[in-house]
Amino acid sequence: MECRSIRINAPGEVEIIRTEIPAPGKDEALLKVLYGGICGSDLGSYRGTFAYFDYPRIPGHEFSAEIVEIDEENAYGLKKGMIVTCNPYYNCGKCYSCQRGLVNCCEHNETLGCQRDGAFSDYVVMPLERIYDGKGLPARTLALIEPFCISYHGVKRADLKAGDKVLVIGAGTIGILAAMAAKEQGGEVTICDVAQGKLDLARGFGLDQFILNHGDKTFADQVRQATGANGFDVVIEAVGLPSTFENCIEAAAFGGKIVLIGVGKENLDFNFTMIQKKELNIFGSRNARKEDFEQLIELVRGGGVDLEKVVTDEYPFEEAERAFREFSENAGKMLKVVIRFAG
C-alpha cells in the first residue's frame, strides 16, 4: 500500500506525493491520520513568511489518528484502534531547558511540520510517549486539542485572576482559543483584530468586548474606553507582528502582564523605556506540555469548551492544494481549516 503525503515544495506550491507506509520501531506506533488542522504556521509556510520552516517539507502538527500497529504490552495503556492525538514538539532531552523540565522550550526543539516532516500523511509513526488517548472525543475535535494547547499554555503563563481585564490581539484561531481559555479562567475578555470579518466570527464565542484596530489613535482610544482609561491587566499577542507587540505595550496597564504567543520574522525598533515605566511583566510562550494536552482533553470532554465552533471549513485530503490556496486568499474570513484524511 502507498502512503500519500501533502508536501509544500516552495511558497505557494503544494503537491501530493506517494511513499511507502513507514514502519514503527521500538516504543513507537503506526497511526492512520484522520483529521489535520491547517494552523497559522502552516499558512505562513505556504506563504513563505514562517520563521521555522525549510522547503520542501510535509506540514502538519495538529491532528488526530487511529492506532493501527502497536505493541500492546506498553507502559502507556495504548491499544490498537484507539483514537488519539499527539504531542508534536520533539525535545533533545539534554539542553539546560530540558534538564529543568522545560521541554516545550528546548533549545533544539523540532516541531512536526516545521523543523521536521509533519503529520499530513495517510500514515505516520509516533513515539508512544507522545501519543495521548482521546478519551472518546470525536476525531475532528481531537485534531483541535493541539492548537488549544498553544493558547492555553500562553494564558497559564499570565497566571490571571478571576475578574482580570484581558485583551487578546489577533482574532485568528490561536487568538480566539486564547480568549476562550482566558474566559474559562474567569477573565473579562476583549478581542482585537484589523479584520472585521474575524471579529464577526469571534462574536460567537461569548466574549465581552471587541476592538476593530484602525490605527494607533483609534486603538488607544478604544483601549481607554474598554478599561476606564486603566489599561488591561493581561494582554495576549497572537499575531507575531512588530505593530501588534507595540499595541501590547500601549494597551497594558501599569504593572500589567504581556504574553507573546505569535511568531514573527520582523525586527522592531521601539521605546523600550515604556517597559520600565509601566513595570510590565513580559512572558514568551512556546509550544505546550504533556499536562496541557491531558488537562484540555478532560476539559473538552466535560463540556467546558466547544472546540468545534472554531472550525469554519473542511476539505478532503485530495483537495489539499485548494485548501491552502483558499485559506491564504480568504484568511480574514476563515478560522480553523481542517483536512479530512480518512473516511
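Report follows, based on the coordinates.

Procedures and definitions
Residues numbered from 1 in each chain as written. Predicted model: local features only at pLDDT ≥ 70, side-chain atom pairs only at ≥ 80, totals over all residues. Heavy atoms only, no water. Helix = DSSP H or I, 4+ residues; strand = E, 2+ residues; numbered from the N terminus. Rg over C-alpha atoms; globule rule 2.2 N^0.38 Å. Buried < 20%, exposed > 50% of the residue type's maximum accessible area, 1.4 Å probe, protein only. Areas by Shrake-Rupley, 256 points an atom, 1.4 Å probe, with all protein chains shown as cover. Lys, Arg positive; Asp, Glu negative; His and termini not counted. Charge placed at Lys NZ, Arg CZ, Asp CG, Glu CD. Contact = heavy atoms within 4.5 Å. Core = buried A, V, L, I, M, F, W, Y, C linked by side-chain atoms within 4.5 Å. Domains from an automatic or database assignment.

## Re the overall build of the protein
Counting secondary structure elements, the protein contains eleven helices and 17 strands. In summary, the protein has a C-alpha radius of gyration of 20 Å against a globular reference of 20 Å for 343 residues, a match within 12%. When the backbone C-alpha atoms are referred to their principal axes, the protein occupies close to 60 × 40 × 35 Å. The proportion of buried residues among the 343 residues of the protein is 51%. Carbon and sulfur atoms make up 46% of the accessible area of the protein, which amounts to about 15000 Å² in all. The protein carries 38 positive and 50 negative side-chain charges, and their two centres are separated by 2 Å.

## Remarks on the environment of Lys165
Turning to its location among the elements, Lys165 is positioned in strand β10 (residues 165-169). By relative accessible area, which is 25% here, Lys165 ends up partly exposed. Distance in space between the C-alpha atoms of Lys165 and Phe232 is 5.2 Å, their sequence separation being 67 residues. Apart from residues lying up to four places away in sequence, Lys165 is in contact with Glu188, Ala226, Thr227, Phe232, Asp233 and Val234.

## Details of the nonpolar core
Ranked by internal contacts, the top residues of the largest apolar core, which has 51 residues, are Ile145, Phe148, Ile191 and Ile236. Two domains each donate at least three residues to this core, and these are domain 1 (2-133 + 307-340) and domain 2 (151-284). Core analysis: the second largest hydrophobic core is formed by 40 residues, Ile70, Tyr90, Ala119 and Phe120 among them.

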